[in-house]
Amino acid sequence: RAFDHTLERDVALKEYMPSALADRTATMHVSLRSSSSEETFKLGLKSFINEARLLARFDHPSLVKVYRFWEANGTAYMVMPLLKGTTLKDVLREMRRKGEPVDETWLRSVLGPLTEALLVIHAEQVYHRDIAPDNVMYLPEKNRWLLLDFGAARRVISEQTQALTVILK
């Protein structure tokens, strides 16, 4: 949680900080624990920046919006709306606990907006590749569903052959 003083609003600030690979110095710089982790760290950082760049391109109510991103202190950051919600995984768990049915009408209310968001990104040849109940959030204040975690998303460039890795969850 952070405050954007320019726009005078609360935001979420996401930092690339793989604590298994790096530590923060006294000057707030991110430093590798071992030089043997450098390649892994750089690949993760590249993926983080690609995710931010990718999300910043889209504007759909069911997609996470990235306001801005930048590199500093040996790492990268992205600024997004501060969201208050519950994952679909937790919503389903609570429904089961209460004995509430998951019927077709309810499923359509969840999947409809998400499908529209997927159509938007697919039109740009971007594929999420990690859709799961813990990557979907319900925002009660806005009464809408949101697709999260584009870390595994990939853009497929036409005219080039790229192997797509299958991610199973």
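Just so it is clear, the model here is predicted, and its values are computed rather than measured.

Calculation notes
Residues numbered from 1 in each chain as written. Predicted model: local features only at pLDDT ≥ 70, side-chain atom pairs only at ≥ 80, totals over all residues. Heavy atoms only, no water. Pairing = 2+ DSSP bridges. Helix = DSSP H or I, 4+ residues; strand = E, 2+ residues; numbered from the N terminus. Axes fitted to C-alpha atoms, helices over the stretch in contact; angles between N-to-C directions. Contact = heavy atoms within 4.5 Å. Buried < 20%, exposed > 50% of the residue type's maximum accessible area, 1.4 Å probe, protein only.

A. Just the sheet that holds strand β1 (residues 2-4), in detail. Read from one edge of the open sheet, 4 strands run β1-β2-β6-β5, paired in antiparallel fashion. Bordering the open sheet on either side are β1 and β5 (68-72), each of which pairs with just one other strand. Strand-to-strand twist across the sheet, computed as the mean angle between neighbouring axes with direction ignored, equals 35 degrees. With 5 bridges connecting them, β5 and strand β6 (residues 75-81) associate as antiparallel partners. In the strand pairing of β6, Trp70 is matched with Tyr77. This element, helix α1 (residues 38-56), spans β2 (9-15), β5 and β6 of the sheet and lies at about 30 degrees to β6.

B. Examining the environment of Leu82 more closely. In this structure, Leu82 sits in the loop between β6 and β7 (86-87). A residue is classified by how much of its surface remains accessible, and Leu82, at 29% relative accessible area, is partly exposed. Between the C-alpha atoms of Leu82 and Ala2, which are 80 residues apart in sequence, the distance is 8.5 Å. Not counting residues up to four positions away in its chain, the partners in contact with Leu82 are Arg1, Asp10, Val11 and Ala12.

C. Highlighting the pairing of β2. Two elements, β1 and β2, share 3 bridges in a ladder whose sense is antiparallel. Bridge pairing in β2 places Phe3 opposite Asp10. Adjacent in sequence and paired antiparallel, β1 and β2 are bridged by 4 residues, among which Glu8 carries a positive phi angle near 55 degrees. Here β2 pairs with β6 via 5 bridges, running antiparallel. By the bridge assignment, Lys14 is partnered in β6 with Met78.

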